[in-house]
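# Structural description and commentary
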Amino acid sequence: MGEQNHSPGKELQHWTQTESPGKRSWHSQAYALGAVSNFMSTFLTFPIYKVVFRQQIHAMAVSEAVRQLWHEGLQYFYRGIYPPLLSKTLQGTLLFGTYDSLLYCLSPVGPHSLGHRWAAGLMSGVVEAVALSPFERVQNVLQDGRKQARFPSTFSILKEFHSYGVWGRLSLGYYRGFWPVLLRNSLGSALYFSFKDPIQDSLAEQGLPHWVPALVSGSVNGTITCLVLYPLIVLVANMQSHIGWQSMPSLWASAQDVWDTRGRKVFLIYRGGSLVILRSSVTWGITTAIHDFLQRRYRSRKELKD
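Definitions and limits used
- Residues numbered from 1 in each chain as written.
- Predicted model: local features only at pLDDT ≥ 70, side-chain atom pairs only at ≥ 80, totals over all residues.
- Heavy atoms only, no water.
- Helix = DSSP H or I, 4+ residues; strand = E, 2+ residues; numbered from the N terminus.
- Contact = heavy atoms within 4.5 Å.
- Patch = residues over 30% accessible without salt bridge, like charges linked within 9 Å, V, L, I, M, F, W, Y side chains within 5 Å.
- Areas by Shrake-Rupley, 256 points an atom, 1.4 Å probe, with all protein chains shown as cover.
- Salt bridge = Lys/Arg side-chain N within 4 Å of Asp/Glu carboxyl O.
- Buried < 20%, exposed > 50% of the residue type's maximum accessible area, 1.4 Å probe, protein only.
- Phe/Tyr/Trp six-rings, centres within 6.5 Å; stacked < 30°, edge-to-face > 60°.
- Core = buried A, V, L, I, M, F, W, Y, C linked by side-chain atoms within 4.5 Å.
- Axes fitted to C-alpha atoms, helices over the stretch in contact; angles between N-to-C directions.
- Parallel < 35°, antiparallel > 145°, perpendicular 65-115°, else oblique.
- Left-handed = near helix turned anticlockwise from the far one by under 90°.
- Nonpolar A, V, L, I, M, F, W, Y, C, P; charged D, E, K, R; others polar.
- pLDDT = per-residue confidence, 0-100.
- Arc of directions from axis to C-beta.

### Points about the overall build of the protein
- Tallying secondary structure elements over the protein gives 13 helices and 0 strands in all.
- Each helix and strand of the protein, placed in order from N terminus to C terminus, yields the pattern α-α-α-α-α-α-α-α-α-α-α-α-α.
- Looking at the protein alone, contacts between residues at least 24 apart form 80% of all its contacts between residues at least 6 apart.

### Brief notes about a nonpolar patch on the surface
- Residues Val216, Val220, Ile224 and Val228 make up a contiguous nonpolar surface patch of roughly 310 Å² in combined accessible area.
- The topology assignment puts Val216 in helix 9 (residues 211-228).
- With relative accessibility at 33%, the residue Val216 sits in the partly exposed group.

### Some remarks on the packing of aromatic side chains
- Evaluation of the coordinates by the stated rule reveals 10 aromatic pairs.
- Ring geometry for Phe96 against Phe193: centres 5.7 Å apart, planes inclined by 85 degrees, an arrangement best described as edge-to-face. On the criterion of sequence distance, the pair formed by Phe96 in helix 4 (residues 82-106) and Phe193 in helix 8 (residues 178-204) is long-range, its members being 97 residues apart.

### What about the nonpolar core?
- Core analysis: the biggest nonpolar cluster contains 15 residues, and Val51, Val52, Tyr230, Leu275 and Val276 have the highest contact counts within it.
- Mapped by element, the contributors of at least two residues to this core are helix 2 (25-58), helix 3 (62-72), helix 10 (230-241) and helix 13 (273-305).
- The dominant element in this core, judged by the number of residues it contributes, is helix 10, at 5 residues.
- By size, the runner-up hydrophobic cluster in this structure holds 11 residues, among which are Val138, Ile157, Tyr174 and Ile243.

### Overview of the packing of helix 10 against helix 11 (residues 251-261)
- One way to put it is that helix 10 packs onto helix 11 with a least axis distance of 10 Å and a crossing angle of 115 degrees. Between helix 10 and helix 11, the interaxial angle falls into the category roughly perpendicular. When you trace helix 10 past helix 11, the crossing you get is right-handed. Residues Val234, Leu235, Asn238 and Met239 of helix 10 touch helix 11, and the partners they reach there are Leu251, Ser254, Ala255 and Val258.
- Considering only residue class, the contact of helix 10 with helix 11 consists of 6 nonpolar, 2 polar and no charged.

### Some words on the confidence of the model for the protein
- Summarising the model, the protein shows a mean pLDDT of 83, and 88% of its residues fall at 70 or more.
- Looking at the elements of the protein, mean pLDDT is at its lowest for helix 1 (residues 8-18), recorded as 50, and at its highest for helix 8, recorded as 94.
- A low-confidence stretch, residues 14-18 stays under pLDDT 50, and its non-local contacts, those more than four residues away or across chains, total 11 contacts.
- Predicted confidence for residues 20-26 stays below pLDDT 50, and this span has 14 contacts to residues more than four positions away or in other chains.

### Thoughts on helix 7 (residues 166-174)
- Considered for burial, the residues of helix 7 that qualify are Gly168, Leu172, Gly173 and Tyr174. One face of helix 7 carries all of its buried residues, which in axial projection span an arc of 145 degrees. Residues of helix 7 that are exposed and point over 90 degrees away from its buried face: Val166 and Trp167.

Now the structure itself:
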């Protein structure tokens, strides 16, 4: 009860300042911490994601999306989980690890300003988009119930992509919808890392248990970021669900189609927002809390060895 609750952001700056410039073990460890935290949160929140995806594609109510998944049966409930499980694990590895490495390059001895956190977050989001867009593309095709008969497996989708030719494999296959993905990921990462530590620090000063500030910070930050970028999320889902040479509208045509099918009303684009809030809160809350917990454990063991 009387334990002092240090600010996690300030602990990170202190650790960076005291670490020898030639010793980068803690920074390499950040990649592993990101991988584990994202793997666990993705597995726990996948059912929520699947319902949200159906809403984005078919513009249906929550109850209708749940009913559709129920009628498809349990054998299809976790259909498509392997691409996001792999991609989100890689996402955590790249996102947290690249951010930490870039932040160290921008400010080796701290303190880390808002500009440093924004720049490192933005660039880590760019790396994430380039590396992981193909996984999201395959995942979105698998999640679309209209494609189950034609593309029953990941292999069938990859076979289709490889029939397009070299350039077609990239532009029409793996990197379909890349530009909105790049914009969404870079801005999302910049927002998340810019405000994660300040929110966590302010909550830690209230004397709360260590895990509470991280959980709340991740939930609030992830929810706000996701809501701001939600139109891009809907656009990406719709663009990446298309497959085949004859059904590849341009970026502008895809955006116009989303706007028209939503009745040219903003609130219809945000249909399913309640589940987006829930998914973002749970996912980023769990991810941030797990990452903070693992980070503290590693630092404690490192200090005991030293």
